[in-house]
Number of protein chains: 2
Amino acid sequence: MVLMGRWEPDAPARLQRAAFELCSAQGYDQTTVAEIAARAGLTERTFFRHFADKREALFQGGDAFRTTIADAVLAAPTMASALEASTIGIKAGAALFPAREIVRRRQELIESNYELQERELIKLHSVATSIGEALRQRGVPGNFAELAAETSVTVLRVSLARWVGSRVEQAFNTHVDEVMDEFRRLATVRLNDT
Amino acid sequence: MVLMGRWEPDAPARLQRAAFELCSAQGYDQTTVAEIAARAGLTERTFFRHFADKREALFQGGDAFRTTIADAVLAAPTMASALEASTIGIKAGAALFPAREIVRRRQELIESNYELQERELIKLHSVATSIGEALRQRGVPGNFAELAAETSVTVLRVSLARWVGSRVEQAFNTHVDEVMDEFRRLATVRLNDT
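A.B. asks: Got a minute to help me understand the overall build of chain A in this structure?
C.D. replies: On a plain count of helices and strands, chain A comes out with 10 helices and zero strands. Going from N to C terminus, chain A has its helices and strands arranged as α-α-α-α-α-α-α-α-α-α. On the principal axes, the C-alpha backbone points of chain A span a range of 55 × 40 × 25 Å. Looking at the 194 residues of chain A, the share that counts as buried comes to 51%. For chain A, the computed accessible surface area is about 9400 Å², with 53% contributed by carbon and sulfur atoms. Computed over 24 positive and 26 negative side-chain charges, the inter-centroid distance for chain A is 2 Å.

A.B. asks: Where do I start with the nonpolar core in this structure?
C.D. replies: The nonpolar side chains of a soluble globular protein tend to be buried, and buried together. Counting residues in hydrophobic clusters, the biggest one holds 78 residues, and the most contacted among them are Ile131 and Leu135 of chain A together with Ile131 and Leu135 of chain B. Those residues in contact with Leu135 of chain B that lie beyond four places of it in its chain are Leu191 of chain A together with Val73, Ala82, Ala85, Ser86, Val140, Ala145, Ala148 and Ala149 of chain B.

A.B. asks: It is not clear to me how the interface of chain B and chain A should be interpreted in this structure. Could you clarify?
C.D. replies: One frequent convention defines the size of an interface as the accessible area lost when the parts assemble. Across the contact, 46 residues belong to chain B and 46 residues belong to chain A. Seen at the junction of chain B and chain A, the total is four salt bridges. Here Glu150 of chain B and Arg157 of chain A are joined by a salt bridge, their closest N and O atoms 2.7 Å apart. Our enumeration of links across chain B and chain A arrives at eight residue pairs in polar contact (both at pLDDT 80 or more). Examining the composition of the side of chain B that touches chain A, we find that 11 residues originate from one element, helix 9 (residues 142–165) of chain B, more than from any other. For the side of chain B that touches chain A, a count of residues per class yields 23 nonpolar, 10 polar and 13 charged.

A.B. asks: Just to check I follow, could you spell out the packing of helix 6 (residues 82–94) of chain A against helix 9 (residues 142–165) of chain A for this structure?
C.D. replies: Two measures define how a pair of helices packs: the angle their axes make with one another and the distance between the axes. Residue and element names in this part refer to chain A. Contact geometry for helix 6 and helix 9: axes closest at 9 Å, N-to-C directions at 45 degrees. As summarised for this structure, helix 6 and helix 9 are arranged oblique, according to the angle between their axes. The handedness of the crossing between helix 6 and helix 9 is right-handed. Residue-level inspection shows Ala82, Leu83, Ser86 and Ile90 of helix 6 in contact with helix 9, the latter providing Ala148, Ala149, Thr151, Ser152 and Leu156. Taken together, the residues that form the contact of helix 6 with helix 9 break down as six nonpolar, three polar and no charged.

A.B. asks: Please explain the pattern of salt bridges as it appears in this structure.
C.D. replies: Close approach of charged atoms allows side chains of opposite charge to pair. Evaluation of the coordinates by the stated rule reveals 26 salt bridges over all chains. Its salt-bridge partner being Asp63 of chain A, residue Arg66 of chain A comes within 2.5 Å of it at the nearest N-O pair. Taken together, the positions of Arg66 of chain A and Asp63 of chain A, both in helix 5 (residues 62–74) and three residues apart, correspond to about one turn of that helix. Residue class for Arg66 of chain A comes out partly exposed when judged on its relative accessible area of 22%. Asp63 of chain A gets classed as exposed once you look at its relative accessible area, which sits at 52%. Glu108 of chain B is the partner of Arg104 of chain B in a salt bridge, and the nearest nitrogen-oxygen pair spans 2.5 Å. Here the residue Arg104 of chain B and the residue Glu108 of chain B both occupy positions in helix 7 (residues 100–111), the gap between them amounting to four residues, near one helical turn. Judged by relative accessible area, Arg104 of chain B falls into the partly exposed class, the value being 26%. Since its relative accessible area comes to 48%, Glu108 of chain B is described here as partly exposed. Residues joined in a network through salt bridges with shared partners are Glu101, Arg104 and Glu108 of chain A.

A.B. asks: Just to check I follow, could you spell out the environment of Leu135 of chain A for this structure?
C.D. replies: Mapping Leu135 of chain A onto the fold places it in helix 8 (residues 114–137). Taking the C-alpha atoms as reference points, Leu135 of chain A and Phe172 of chain A, separated by 37 residues in sequence, lie 23 Å from one another. Here Leu135 of chain A is in contact with Val73, Ala82, Ala85, Ser86, Val140, Ala145, Ala148 and Ala149 of chain A together with Leu191 of chain B, once residues within four sequence places are set aside.

A.B. asks: What exactly am I supposed to notice about the relation of the copies chain B and chain A here?
C.D. replies: These two copies of the chain differ by a rotation about an axis and a displacement along the same axis. The two copies are related by a screw motion: chain B maps onto chain A through a turn of 180 degrees and a shift of 0.0 Å along the axis, at an RMSD of 0.0 Å. One copy is carried onto the other by what is essentially a two-fold rotation axis. Relative to the rotation axis, the C-alpha of Glu118 of chain B is the closest in chain B, positioned 2.6 Å from it. Looking at chain B, 100% of its interface residues are interface residues in chain A too, so the copies touch through the same face.

A.B. asks: Is there a simple way to explain helix 10 (residues 172–185) of chain B in this structure?
C.D. replies: For an α-helix, the turn length of 3.6 residues means that residues three or four places apart are oriented alike. In a regular helix each residue adds 1.5 Å, so 14 residues correspond to 20 Å; helix 10 of chain B covers 20 Å between its end C-alpha atoms and thus fits that length. Residues of helix 10 of chain B that are buried include every one of Phe172, His175, Val176, Val179, Met180, Glu182 and Phe183 of chain B, and no others. Each buried residue of helix 10 of chain B lies within a common arc of 160 degrees when the element is viewed along its axis, so the set occupies one face. If you follow the buried residues of helix 10 of chain B, they end up packed against helix 9 and helix 10 (172–185) of chain A together with helix 6 (82–94) and helix 9 of chain B.

A.B. asks: Please clarify how empty space enclosed by the protein should be interpreted in this entry.
C.D. replies: Over the atoms, a rolled probe matching the size of one water molecule traces out where space is still vacant. Taken as a whole, this structure holds one cavity of 30 Å³ or more when the rule is applied. Considering the residues around the largest cavity, the lining is formed by 16 residues, among which Glu150 and Arg157 of chain A together with Leu121, Glu150 and Arg157 of chain B are closest to the centre. When grouped by side-chain class, the residues that make up the lining of the largest cavity number eight nonpolar, four polar and four charged.

A.B. asks: Sorry, what's going on with the environment of Ile36 of chain A here?
C.D. replies: All names here are of chain A. As for its position among the elements, Ile36 is in helix 2 (residues 33–39). The buried category is assigned to Ile36, whose relative accessible area is 0%. Sequence separation of Ile36 and Phe47 is 11 residues, and the distance between their C-alpha atoms is 8.4 Å.

Cut-off values and rules
All residue numbers refer to positions counted from 1 along the written sequence of the respective chain. Chain letters and ligand numbers both follow the written order, the letters beginning at A and the numbers at 1. Where local features are concerned, this predicted model is filtered to residues with pLDDT of at least 70; where side-chain atom pairs are given and counted, the filter is 80 or more; whole-chain, interface and lining totals use all residues. Note that the side-chain values use all heavy atoms of the structure and ignore hydrogens as well as water. Helix and strand definitions follow DSSP, with helices as H or I runs of at least four residues and strands as E runs of at least two, each counted in order from the N terminus. Whether a residue is buried, partly exposed or exposed follows from its accessible area with a 1.4 Å probe, protein chains only, as a fraction of its type maximum: under 20%, in between, or over 50%, in that order. Throughout, the Shrake-Rupley method with a 1.4 Å probe supplies accessible areas, and for residues the shown protein chains are the sole cover considered. Only four residue types enter the tally: Lys and Arg on the positive side, Asp and Glu on the negative side, with His and both chain ends excluded. Throughout, a charge is located at the NZ atom of Lys, the CZ atom of Arg, the CG atom of Asp or the CD atom of Glu. Side-chain atoms within 4.5 Å link the members of a nonpolar core, which is a set of buried Ala, Val, Leu, Ile, Met, Phe, Trp, Tyr and Cys residues. Whether two residues are in contact is decided by their heavy atoms: any pair within 4.5 Å suffices. Salt bridge, as applied in this entry: a Lys or Arg side-chain nitrogen positioned within 4 Å of an Asp or Glu carboxyl oxygen. Definition of a polar contact: a pair of N or O atoms within 3.5 Å, with one able to donate and the other able to accept a hydrogen when the atoms are protein atoms, and with sequence-neighbouring residues admitted only if both atoms are side-chain atoms. Ten residue types, Ala, Val, Leu, Ile, Met, Phe, Trp, Tyr, Cys and Pro, are classed as nonpolar, four, Asp, Glu, Lys and Arg, as charged, and the remainder, Gly among them, as polar. Axes here refer to lines fitted to C-alpha atoms; in helices the fit is confined to the stretch in contact. Angles between the N-to-C directions go from 0 to 180 degrees. Working definition: roughly parallel below 35 degrees, roughly antiparallel above 145 degrees, roughly perpendicular at 65 to 115 degrees, and oblique for all remaining angles. Rotating anticlockwise by less than a right angle from the far helix to the near helix defines a left-handed crossing, while the corresponding clockwise rotation defines a right-handed one. Overlaid copies result from least-squares superposition on C-alpha atoms, with residues included only where pLDDT is at least 70 in both. Each residue after the first adds 1.5 Å to the expected span of a helix. The directions from the helix axis to the C-beta atoms are what the arc is built from. Definitions used for this entry: grid spacing 1 Å over protein atoms alone; cavity, a set of points where a 1.4 Å probe fits but cannot get out; pocket, an open set with protein on both sides within 12 Å along at least 5 of 7 lines; lining residue, one with an atom within 4 Å of a point. Grid points are joined across faces, edges and corners, and a volume is the space filled by probe spheres set on the points.

Here it is in structure tokens:
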């Protein structure tokens, strides 16, 4: 164990890891802030200096994810369509994902609790807003920017679910490509086409 | 004022209306369950027989909306695509909307509060799940069913925002048609196309 300086520069990351491990192992409702702080070797006071509550500790990192995505959209090649640019953003954001097994456990934890589902949906909503703003900065008209952004977040969500849920290990970005491909064929899939 | 019988058969609707009017006029955080019950001419006890908290009173009617949409998807013509069938569902659900001015005030109320935004996103998520299930019952493969359902909820959300936000009065379903049309052109809208 390394002795930590007074300012605990990596405190947020340690608290986040402790929160995730405890909630994942024993349940979200059963985990207290006191336990999370203790496991991270920090005080409750330090916890509350960084997070409003235990839920927020589990959603640490959302800003970096959003910024990475928006930056990639802003840097997308001019020849890309609005939807392609959004997808380039999603893929760039995915570079921040931890290992698939961690993401899988995280998604299970979120699915287990209504409060966490709500928080996750708000996070995805804010990702869509960021992508929409980036697209507008790239000159995409507002209505198309909003649609493309919302659509790419659907692609993100569906790709994520397939990535963590599939038996076969396949890169997240390959799932994104497959979902985009299905997306293009969506208008042609008929009822009773089985 | 009509005297109500002991069982107050329309209590949920009265409580919902009272909750909406009070929260809309004086703010969600500033409104108590006691005030809502009093305005509806009912007791707090009656309130809690119908709703877990004041937030739920504002989201009364979600089940009927979801069921109406799913039923319309199940009854959609076989020649419809998965996405068209979902849109038929959205339009059927929209028949339950109150007047545009009410919906506009409701959306403003939701936007004003984080808890209400979360609840609204959960509701839309459950609408997507219902549409997905209906599409699967109609023989649409699971991955396409999920994508079409999520996409149609994006169409619902965007159409709703335009309907309540536009200066010109235009039917909700016309907004849906416009959004669907933009949707088909989404892949062709390029960056810097202004």
